[in-house]
Every structure is written in C-alpha cells, then in structure tokens.
Amino acid sequence: MPDRAFQQCINPKCAATYDLCQVLSECPRCGNLLDAQYDWDRLEAPDSLDWFERRWATRNNPLDFSGVWRFRELIPFAPEDQILTIGEGQTQLKRSDALAAEIGLRPGSLFLQYEGLNLSGSFKDNGMTGAFTHARMAGATRAACASTGNTSASLACFAAASGLLEAIIFVGSGKIAYGKLSQALDYGGKTIQIDGDFDDAMARVQEACKETGMYLMNSLNPFRLEGQKAIMFRVLEGLAWDPPDWIVVPGGNLGNSSAFGKAFIELHRLGLIQKVPRIAIINSTGADTLTRLVNEEGLVWNDGEVDDEVIESFYARMDAENRRAKTMASAIEINRPVNLKKALRSLDFTHGVVRAVPDQAIIDAKALVGRQGIGCEPASAASVAGARLLREEDVIGPDERVVCILTGHQLKDPNATVYYHSLPADELAEKMTDYKVKTNPFANRPIPAANDLDSILKAIEEG
Ligand code: F0G
C-alpha cells in the first residue's frame, strides 16, 4: 500500500515526501527528520478504540497477539505478510496507590506502564518490530545501531529470533550497563566498543550506515517510532480508553516522547480521542539538554520552524565548555538528542512540560518502585521522580490521573540496585561522587550472619 503510506519531512516548509521503502534517516532535501505518514482518508481506521478489544479472541494469530500489531490499523505501513513480530508488547499498566501516596497523589491516580516486560526487557521492542518490518520491506540484510544498551539488546534479540538480519552494535566504552551488554553478546550481536560516549557512537554509526548501506535501527528511523506509538494505545486500553491527564516519560534520545505525541496527534485527528494527555518529559540533571533548551533558551516547535541557531549555539557552547552528559541513569546519558524537533512537536501539541531531576531523586524513586514489586532500571525511575517534582510544584494536581512509563527492567542494571541497597551511605557517596548521590534512605541492606542457626535466627528477628 505504498501510495497510502509514505515518508515525509517534518518541516512543513519542506514537507517533501518519499517512497515508503526508501531507506532514509533524514530528509535528503533539507536534512530534517522524517515521519511515516498516511493518507488516512484512503485507509480504514476503526471508528472507536474499543473495536480493538475483539483482537483478544483471535490472539492465536501472532499479529493479534502482538501488543503493537493488534493496533495495525493505526500503524498502517506494512502489508500483513511483511510484518515481523516476536510477540513484543505484552506489557501491563499497573495501578499503584502506595506509590501515589508517596508522591502526593490520591488513590487511583497513579499508574505505571511497565515496559520492562518486553522480550528484551525494555520498551525498545515496540519500535524494533516496526523497524524490522520496514527493513524487510526494504530488503535490508544488515542493520546497525548506536546504543546506551537497550536498543542494542533489542536489535540483537530481534536479529537472533528472526534470522532476518545481521546485527551490528556500536556502544561507548564503559558506558553500558552489564545486563544490556550481556544480552547483546548472548544474542550474537556483533558488538563494536567505541572509544567514546553514546553521542560519538551515534555519529559514527550514521557515517558507517551511509558508507556501507547498512540499515539504521536508531530512533531516527521513523518506523521505530511508529511501533512505539503502541505504548500509548496500550495505556489507553489499560484505562478503558479514557485518556489520563498526564503521561510522564524519561527523555534520552526523545524517541518515546516523539512517538507518543504523534500517536495523540493521529488519534485526535481520527476522532478516536477527544481529550489529549499532557506529556511531561523528564531528563536527569546530568543530561539535561532538552530541559535547558526549552526552559532556559525558550526553544519551541513554532509550527515546525524551529530556531536552528538556538540549538547550534547551545551545542557549540556545550563543546567549548567540554560539558558532557553524566548520569547514573546511563540509558539517558545523551548530549544531543536526535529526535529533539519531534519532541518539541509533541510538547506543543500536548501542552507538555520538561523537567530535570537529580540522580539522587531518580535512584530513590527507583527503590520506591521496587517496593511495589515492579523493578525498573534507573532511567525509568526518572518518570516517577519527575511526577513527584511536578506534583510538588502543583503542575500536576492531586486528583489528576498520571501514567509514568517504566521503560526498562530492573535486571538491566543490577550494579545500580545492589550498590544502592548494600553500601553504607558514605561508601555509596564515594562510589557515586560523579553523580552526586550521597545517601540511600530506602536501602534494604543484606544482613550478615555467621554460618550457624542461632546467628541466623537472631539476624531474622533483630536484623
Ligand atoms: N529509558 C530507557 C530504559 C532507555 O533505554 C532509553 C533510551 C530511554 C529511557 C530514553 O528513551 O530515547 O526514547 O528518549 N535508550 C537508548 C538506547 C538511547 O540506546 O538504548 P528515548
């Protein structure tokens, strides 16, 4: 259906369109980002969202089982026989009254969208199924990504499970949490450790893809973001199609926030939702490019005419001062978020806000999430720390319904969890000095005991 789905430059002044199956990571005419776009008038979208509930009855069809493709009428770029699914998106929206109370929300107001339940343990699988489907349509045989770890785990997982592509992974040296690195290696991804950080890896992978024709799997790829729209479809489904007031999401390369905004733009345009949730994007203060650009430099979408000079001079100052992102939420340790402009569009459409929270708040929020029996990695907990901050500021009201996106599983970064819970505060402060983490008020310390029953029973009772 190439005529009904195509690629289009996000800059309305350019608005150049390209064939669906072209492999592009930017607009060849003006260099801006590309969207997957649709001629909705010629497609058949259902006229209410509860229509999708019928798919549950036919979930023995892999497309109806997938948490992405059971919404395929809202992601209509691929013929069914081209869709590549490994069963992604079996995730849950969990109500948490205990956590709501912790952050000043009323019971029934806080929900956690637990994307750690994906096959590779993070939300990336939602996008990877979209990109793999497009890669198959484009006839790709080799795919590459730069990653802080989760994209690479997901790419390697899909490559291994499908046998469709060879996976080439670019990571920064020492910058990737062990759980994620272990996945890429175990799934057989060819892993190139670059002497640099994520932004360096991102720049090099784009050069390598241009040079060799490898298919780029980063979220610059518009078809990744098409898949990630499904996270919002599932949130709505979890709330019986009644949109929440807020979606709170960690911000790294800004793929999720871009995809979520596009989902709401399209659902609204199709008349499938009347109310649009506000999106809050949460940075770590150690990697706060978006926060500074929006809240200090006043950068806005401006009907698509984003002021490039503001961005360029900000990056030039960042380089001149040798300011590099540094956060223990390594997944979002990013200086130059590639989807910046699309995220501005999402903020504009949803009346969104941007905040940065310190690593101490992130790691404490992570421990509180853990206490709910839902483990997440540090970057994910930025959403909960951000919701708390916005509640303190009264930007979020006590009765508003808030969905925090937990982007990745706790086992992705076991070191962060074990340090937090087991080290005495002074040792933790020393280990985490770069991140300004000084204390661990929610630590659950392991209790040492001698190897005899009396000591063990004493430890149990008095521990
Ligand atoms: N949370 C987790 C667990 C992530 O892995 C990432 C990004 C983000 C949040 C940020 O999401 O880019 O959509 O704003 N990880 C990428 C990677 C960069 O390489 O795995 P975003």
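The structure displayed is predicted, hence computed values, not measured ones.

The environment of the ligand is formed by 21 residues, the closest being Thr 148, Asn 150, Gly 252, Asn 253 and Thr 407. For the ligand, an oxygen atom lies 2.7 Å from a polar atom in the backbone of Gly 252. In the model, an oxygen atom of the ligand is placed 2.7 Å from a nitrogen or oxygen of the Asn 253 main chain. Protein burial of the ligand: of its 480 Å² of free accessible surface, 99% is covered by the chains. Its atoms largely coinciding with the cavity grid, the ligand occupies the largest cavity.

One number sums up the size of the largest pocket: a volume of about 620 Å³. In this structure, the largest pocket is lined by 24 residues; those nearest its centre are Gln 206, Leu 220, Tyr 315, Pro 337 and Val 338. Listing elements by their share of the lining of the largest pocket, those giving two or more residues are helix H6 (198-212), helix H10 (308-320) and helix H11 (340-350). Per element, the largest residue contribution to the lining of the largest pocket is six residues, and it comes from H6. Broken down by class, the residue content of the lining of the largest pocket amounts to 10 nonpolar, six polar and eight charged. Of the pockets and cavities examined, the second largest pocket occupies roughly 470 Å³. Gly 174, Met 328, Ser 330, Asp 413 and Tyr 435 are, among the 21 residues lining the second largest pocket, the residues nearest its centre.

This brings us to helix H3 (residues 124-138). Its 15 residues give H3 an end-to-end C-alpha distance of 21 Å, which sits within 8% of 21 Å, the value for a rise of 1.5 Å per residue. Counting buried residues in H3 gives 13 out of 15 residues, a clear majority hidden from the surface. One or two positions beyond H3, positive phi appears at Gly 139, with a value near 75°.

A word on helix H8 (residues 255-269). Between its first and last C-alpha atoms H8 spans 21 Å; for 15 residues at 1.5 Å apiece the expected length is 21 Å, and the two agree. Within H8, 12 of the 15 residues are buried, which leaves it mostly tucked inside the rest of the structure. Buried residues belonging to H8 abut strand E3 (34-38), helix H7 (222-238), strand E10 (246-250), strand E11 (278-284), H11 and strand E13 (402-406). Gly 271 occupies a position one or two residues after H8 and carries a positive phi of about 75°.

With antiparallel pairing, three strands are arranged side by side in an open sheet as E2-E1-E3. Where the open sheet ends on each side, the last strands, each with one partner, are strand E2 (17-18) and E3. In terms of strand pairing, strand E1 (residues 5-9) meets E3 through five bridges, oriented antiparallel. From the neighbouring strand, Phe 6 faces E3, where its bridge partner is Gln 37.

Thresholds, definitions, all that
Residues numbered from 1 in each chain as written. Predicted model: local features only at pLDDT ≥ 70, side-chain atom pairs only at ≥ 80, totals over all residues. Heavy atoms only, no water. Near = heavy atom within 4 Å. Polar contact = N/O pair within 3.5 Å; in protein donor to acceptor, adjacent residues only side chain to side chain. Areas by Shrake-Rupley, 256 points an atom, 1.4 Å probe, with all protein chains shown as cover. 1 Å grid on protein atoms, 1.4 Å probe; cavity = no way out; pocket = protein on both sides within 12 Å on 5 of 7 lines; lining within 4 Å. Sits in = over half its atoms within 2 Å of the grid points. Points joined across faces, edges and corners; volume = space filled by probe spheres on them. Helix = DSSP H or I, 4+ residues; strand = E, 2+ residues; numbered from the N terminus. Nonpolar A, V, L, I, M, F, W, Y, C, P; charged D, E, K, R; others polar. Expected span 1.5 Å × (residues − 1). Buried < 20%, exposed > 50% of the residue type's maximum accessible area, 1.4 Å probe, protein only. Contact = heavy atoms within 4.5 Å. Pairing = 2+ DSSP bridges.

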